[in-house]
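# Working through the structure, step by step
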Amino acid sequence: TLGGADAILVAQGVLTDETRARTDVAYLEATFRLNYLSCVHLAELATERFSARGSGVVAVITSVAGDRGKSSNAAYCAAKAALSTHLSGIRQRISPGPVTILDLRMGQADTAMTAGMKKGALFASAENVGRSSYAAMKARKDVAYVPFFWRPLMRAVREVPEPLFKKLKM
């Protein structure tokens, strides 16, 4: 019901087992429901409530993975790309208006979701991610790459021509 809240943060998702997703359609559907459909549903409900009230911020954690598909996690990338695209559609539908729809394109963060992964230089602490996300919400941004350095990195990844990108193993 959101009560008196003036912002909501939708922060849910699961990394997809790509090998299983290629052959198990029920598993693929379940992860797509969690990574995309349920997030959109929550965002739509919050947008409706905040629009009726006349103000609010709907922030949704997506992923830099949605900027370009990778063979190692194509299903996850697809769900996050769909989520970002849907948020863009909501944003356009309610614009201009008093409600902000924020797409938080998260890079790798040291959280429970990545607990089993080897942490590299691109991993951010949960504290850093939290501060950056809060700042983007306060600034009422449309899209924020978290941490900030992912914006130019992903711009470069998106610009790699498809014939060359197919040769990269990611």
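Everything in this summary refers to the structure shown in the same document. (Residues numbered from 1 in each chain as written. Predicted model: local features only at pLDDT ≥ 70, side-chain atom pairs only at ≥ 80, totals over all residues. Heavy atoms only, no water.)

### Regarding the sheet that holds strand S6 (residues 143–146)
What the four strands build is an open sheet, ordered S1-S2-S3-S6; its pairing is parallel. Edge positions in the sheet fall to strand S1 (7–10) and S6, since each of these pairs with one other strand and no more. When the angles between neighbouring strand axes are averaged without regard to direction, this sheet yields 20°. Both strand S2 (residues 56–61) and strand S3 (residues 99–106) contribute to a ladder of six bridges, which runs parallel. Note that in S3 the partner of Ala 59 across the bridge is Leu 102. Each of S2, S3 and S6 is contacted by helix H3 (residues 74–94), which is oriented at about 160° to S3, the strand it contacts most. (Pairing = 2+ DSSP bridges. Helix = DSSP H or I, 4+ residues; strand = E, 2+ residues; numbered from the N terminus. Axes fitted to C-alpha atoms, helices over the stretch in contact; angles between N-to-C directions. Contact = heavy atoms within 4.5 Å.)

### Concerning the side chain of Ser 84
Looking at where Ser 84 falls in the secondary structure, it is placed in helix H3. Once residues lying within four places of it in the same chain are set aside, the contact partners of Ser 84 are Thr 62, Asp 103 and Arg 105.

### Regarding unusual backbone geometry
Residue Pro 96 follows Ser 95 across a cis peptide bond; omega there is -10°. Secondary-structure assignment places Pro 96 in the loop between H3 and S3. A cis amide bond links Val 146 with the next residue in sequence, Pro 147, at an omega value of -15°. Along the chain, Pro 147 falls in the loop between S6 and helix H5 (150–159).

### Some words on a nonpolar patch on the surface
On the surface, Leu 15, Met 113 and Met 117 cluster together to form a nonpolar patch covering roughly 230 Å² of accessible area. Following the sequence through the fold, Met 113 ends up in the loop between strand S4 (109–110) and strand S5 (124–125). (Patch = residues over 30% accessible without salt bridge, like charges linked within 9 Å, V, L, I, M, F, W, Y side chains within 5 Å. Areas by Shrake-Rupley, 256 points an atom, 1.4 Å probe, with all protein chains shown as cover. Salt bridge = Lys/Arg side-chain N within 4 Å of Asp/Glu carboxyl O.)

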